[in-house]
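Each chain is listed here by its residues.
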Amino acid sequence: MNRILFGDNQFFGVNHVSDEKARQQSMRFKEDISILQTIDVAIEEGCNTFMCTTHDRMLNIANLIRNDAEKYDKFQIYPCLPYAHKYANAVTELGIMGTIKHYVPGNFIGSLFKGGYAMVSKDHVKMMELMIDAELKMFKGISTPVIFLQNVITDLLLGLGMKDLLKAFDQYIRRKYNAEPGYITMNMPKLVDMLASQGIYHPIVSSSINYEGFRMSGGISMYEQALKSGRVRAIAMQVFSGGATSAEKALEYVCSLPNVESILFGASSKENIHQTVTLINHYDKKYHYKTA
Amino acid sequence: MKKIGLIGAGKMGISHLAILGAHPDVEVIGVADTSTIVTDVLKRHTSFDVYSDYLEMINVKKPDAVFVSVPTKYHEPIVQKLLDRNINVFVEKPFSLNADNGQKLMDSSRQKNLYNQVGYHNKFIGTFMEAKRIIDSGSLGKLQLFSGNMNGPVVTKTKEHTWRSKPEEGGGCLMDYAAHLIDLINYLIAPITAVHGADLMSFYSASVEDAVSCLLETKNGIHGTINVNWSDETFRKMTTSITILGSKGKLTVDATELKVYFKEAQPIVGYAKGWNVRHINALSPHVDFYLRGEEYSLQIDHFINVLEGKAPNTINTFESALQTDKVIQQIKNHKINQL
Ligand SMILES: NC(=O)c1ccc[n+]([C@@H]2O[C@H](COP(=O)([O-])OP(=O)(O)OC[C@H]3O[C@@H](n4cnc5c(N)ncnc54)[C@H](O)[C@@H]3O)[C@@H](O)[C@H]2O)c1
């Protein structure tokens, strides 16, 4: 994985500490082209990996990228699925069956309704695989070497103890997409333990890692221990979410930790992108970060 | 270690179940749901004991407490059965379809000295907790006026029907959505006791309202308005905000930000004259397991603490949720009387 990953929250009106800022950003990125222009700035700064949700709007961005294959030759996407809000809203509006009918693709559903509900309940893994395919279709032809499960689903499976489904995700991503499965979570140490119980060692896990311990469930020291143990290929996200810290302090903390393989950040302006990249490079030198 | 059961593993219930499943002081003794889609998934992919009949679950497993997250029309009969068997209850909001039923439940729970809690999770959001602290400190002076807004993208086109589109089952923007805002105003300011105007509007739904506007007054005579609309797709998710004006300042709060203006110096420790802005990351307590907001974990932690005798049973009680149900009923009556 690249050291620095560029994220997408700013494009889609997601901001963990300010709804107001989120709304302003969603206005600013109303046009797909303005999203691509910001991605271009990030590429110029050396960030060639874009980690993004399978948001409906990503289809248009993916089209723009496919249309300019030469320019985006080295560019890669780490998709994060599913875009859970879509399904949560759908369940509220359509009910569980209505949602399945609406989103699970094609002939599976055809046969399903001939056979009644019975089939749905028989093969959840197959259904998950079909939904993964449906969500990833938009990236066809673009390099997606790591494919992530979004934190709402990862943590739901974790809390419910649905270990077999985590494992099924892992196997399917490797088998069908020849990619590395990754996990976004707000409960990194617990997740690493559960994955290990399924024989999944050294997983790629993206989680909040920041100086103040914001959204580092179970406490910052458990996270630091998990990192030291070397059992996880960590991606640090929400690195600025601690609030109080300056960019310098926030990035120095993350760069000083062992086994943080990548740092994920999102920004809208050229200045902020440049500043973040420069600071990470600076602290990487200071802490002798070595690329794998 | 507390023995906890759950009835209704739908959208809300599955979230409670995951948090309970990860809780170190909880043993989940069983899950009951009438839908075979739900029970099949749980049976095949979890180690929970799964039941289609909740009575069987409680009779066999004798839980200390049960979480009830079934559609609202079933709250009353199920909660009553639990109370009859001396089981402590956490029930989802809104408490009950009508205030008379709610009153009966509250009385039973009280008679039997049982612990109870209702799922109004906003009270466990750091920004609203801080707003409560500031308001209770008196530093805003004499409260004068409030306004509450709530918006979200629940029903944005005419679509298939679920229980949310049936008024007799607790559907509609007033019961399902506005309840949160009313409950929060009752908590932050004072219980609402009078409804001076109410409008219920439908845009996409055939038989329930999609928006609610009201003129309200609290027990201590503070007036204000609420505007609630669940058919606004410019909001990515449910968004709740309240503004309160007082003789010494003004406070605006939502789930991520708290902005407070003070007219005078040294209003309350940590705040200054003029505008002060605080964000959720600095205000939220940390949790041991996070699913989709600290508040969902915190409200469960609180209930477990109550069961273990480590916290008083004072937040989101049946009593406070009943007050909210009563306001909902008053709003409906006001609208009917106008017709
Ligand atoms: N606090 C919140 O913000 C919030 C959010 C959503 C829902 N809720 C509340 O939670 C409750 C459930 O809502 P939901 O969105 O999860 O609905 P849902 O329809 O997704 O889930 C309800 C579940 O209950 C099951 N059920 C129905 N009758 C049952 C019975 N007699 N015994 C056992 N199981 C039964 C259904 O099969 C379904 O799985 C409602 O009261 C709702 O108002 C609260």
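Residues numbered from 1 in each chain as written. Chains lettered and ligands numbered in written order. Predicted model: local features only at pLDDT ≥ 70, side-chain atom pairs only at ≥ 80, totals over all residues. Heavy atoms only, no water.

I tried to follow the overall build of chain A on my own but got confused; where do I start?
Within chain A one finds 13 helices and 8 strands. Here chain A holds 292 residues, and the buried ones make up 57% of them. Sequence-distant contacts in chain A: of pairs separated by 6 or more residues, those separated by 24 or more amount to 75%. About 12,400 Å² of surface is accessible on chain A, with carbon and sulfur atoms providing 53% of the total. (Helix = DSSP H or I, 4+ residues; strand = E, 2+ residues; numbered from the N terminus. Buried < 20%, exposed > 50% of the residue type's maximum accessible area, 1.4 Å probe, protein only. Contact = heavy atoms within 4.5 Å. Areas by Shrake-Rupley, 256 points an atom, 1.4 Å probe, with all protein chains shown as cover.)

Would you explain the sheet that holds strand 12 (residues 249-254) of chain B in this entry?
All names here are of chain B. Reading across the sheet, the 8 strands line up as 8-9-10-7-11-12-13-14 and stay open at both edges, with mixed pairing between neighbours. With partners counted over all chains shown, the strands left at the sheet margins are strand 8 (192-201) and strand 14 (274-279), one partner each. Each adjacent strand pair in this sheet contributes to an overall mean axis angle of 10°, direction not counted. Note: strand 7 (residues 143-151) against strand 10 (residues 223-229), 7 bridges, orientation parallel. (Pairing = 2+ DSSP bridges. Axes fitted to C-alpha atoms, helices over the stretch in contact; angles between N-to-C directions.)

Can you help me understand the environment of Gly98(A) in this one?
Residue and element names in this part refer to chain A. Relative to the helices and strands, Gly98 resides in helix 4 (residues 84-103). Overall, the relative accessible area of 5% leaves Gly98 in the buried class. Expressed as a C-alpha distance, the spacing of Gly98 and Met128, which sit 30 residues apart in the sequence, is 16 Å.

Sorry, what's going on with empty space enclosed by the protein here?
It is a probe the size of a water molecule, rolled over the atoms, that shows where empty space is left. Following the criterion strictly, the structure yields 1 cavity of 30 Å³ or more and no others. One number sums up the size of the largest cavity: a volume of about 50 Å³. Gly213(A), Arg215(A), Met216(A), Ser217(A), Gly218(A), His286(B), Val287(B), Tyr290(B) and Glu294(B) together form the lining of the largest cavity. Among the residues making up the lining of the largest cavity, the classes are represented as 3 nonpolar, 4 polar and 2 charged. (1 Å grid on protein atoms, 1.4 Å probe; cavity = no way out; pocket = protein on both sides within 12 Å on 5 of 7 lines; lining within 4 Å. Points joined across faces, edges and corners; volume = space filled by probe spheres on them. Nonpolar A, V, L, I, M, F, W, Y, C, P; charged D, E, K, R; others polar.)

When you look at the packing of aromatic side chains in this model, what are you seeing that I'm missing?
Tallying each qualifying case throughout the model produces 17 aromatic pairs over all chains. A ring pair is formed by Phe11(A) and Phe29(A), whose centres lie 4.7 Å apart and whose planes are at 75°; its orientation type is edge-to-face. Remark: Phe29(A) occurs in the loop between helix 1 (19-28) and helix 2 (32-44) and Phe11(A) occurs in the loop between strand 1 (4-6) and helix 1; sequence separation between them is 18 residues. For Phe29(A), a relative accessible area of 0% puts it in the buried group. Three or more aromatic residues joined by ring pairs form one cluster here, namely Phe6(A), Phe11(A), Phe29(A), Phe50(A) and Phe265(A). The positively charged end of Lys123(B) is found above the aromatic ring belonging to Tyr187(B), 4.9 Å away from the centroid. (Phe/Tyr/Trp six-rings, centres within 6.5 Å; stacked < 30°, edge-to-face > 60°. Lys NZ or Arg CZ within 6 Å of the ring centre and 35° of its normal.)

Where do I start with the side chain of His23(B) in this structure?
Along the chain, His23(B) turns up in the loop between helix 1 (11-21) and strand 2 (26-32). One polar contact links His23(B) to Asp301(B), side chain to side chain, over a distance of 3.0 Å. (Polar contact = N/O pair within 3.5 Å; in protein donor to acceptor, adjacent residues only side chain to side chain.)

Teacher, can you tell me more about the site of the ligand here?
Residue and element names in this part refer to chain B. The ligand sits among 27 residues. The nearest are Met12, Asp33, His75, Lys93 and His121. At 3.3 Å from an oxygen atom of the ligand is found a main-chain nitrogen or oxygen belonging to Val70. In this structure, a nitrogen atom belonging to the ligand sits 3.3 Å away from a side-chain N or O atom of His121. The protein chains hide 87% of the 840 Å² of surface that the ligand would expose on its own. When its residues are assigned to classes, the shell around the ligand shows 11 nonpolar, 10 polar and 6 charged. (Near = heavy atom within 4 Å.)

Looking at this structure, I do not really get the pairing of strand 2 (residues 49-53) of chain A. What am I missing?
Within a regular strand, the side chains alternate between the two sheet faces. Residues and elements named next belong to chain A. The element strand 2 is extensively covered by neighbouring structure, given that 5 of its 5 residues are classed as buried. Judged by which residues are buried, strand 2 turns out to be covered on both faces: Thr49, Met51 and Thr53 on one side and Phe50 and Cys52 on the other are all buried. Here strand 2 pairs with strand 3 (residues 76-81) via 5 bridges, running parallel. Looking at the pairing, Cys52 lines up with Pro79 of strand 3. Where the polypeptide runs from strand 2 across helix 3 (residues 58-67) and back to strand 3, its parallel neighbour, the crossover connection is right-handed. (Right-handed = clockwise from strand over helix to strand, strands pointing away.)

How should I be thinking about unusual backbone geometry in this particular structure?
With the exception of glycine, most residues fall at negative phi, and the peptide bonds are largely trans. Residue Pro82(A) is bonded to the preceding Leu81(A) through a cis peptide linkage, with omega at -5°. Along the polypeptide, Pro82(A) turns up in the loop between strand 3 and helix 4. Geometrically, the link from Lys93(B) to Pro94(B) is a cis peptide bond, its omega value of -15° lying close to zero. Checked against the element boundaries, Pro94(B) lands in the loop between strand 5 (88-91) and helix 5 (99-111). Within the chain, Arg215(A) stands out as a residue other than glycine whose phi angle is a positive 55°. Within the fold, Arg215(A) resides in the loop between strand 6 (204-208) and helix 11 (220-229).

Hey, could you run me through the confidence of the model for chain A in this one?
Caution is warranted with low-pLDDT regions, since their predicted coordinates should not be read in detail. Counting all residues, the mean pLDDT for chain A is 87, and 87% of those residues have values of 70 or more. Segment residues 111-118 of chain A is flagged for pLDDT under 50; beyond a separation of four residues in sequence, or across chains, it makes 7 contacts in the model. (pLDDT = per-residue confidence, 0-100.)

What is the right way to look at the confidence of the model for chain B in this model?
Model confidence for chain B is summarised by a mean pLDDT of 94, while 98% of its residues fall at 70 or above. As scored by the predictor, the complex reaches a pTM of 0.93 and an ipTM of 0.92.

Would you explain the environment of Phe90(B) in this entry?
Residue and element names in this part refer to chain B. Along the chain, Phe90 turns up in strand 5. Exposure remark for Phe90: the relative accessible area of 1% places this residue in the buried category. Each C-alpha atom of the pair Phe90 and Ala65 lies 7.4 Å from the other, and the pair is 25 residues apart in sequence. The residues touching Phe90, leaving out its near neighbours within four places in the chain, are His16, Val66, Phe67, Val68, Gln117, Val118, Gly119, Gln299 and Phe303.

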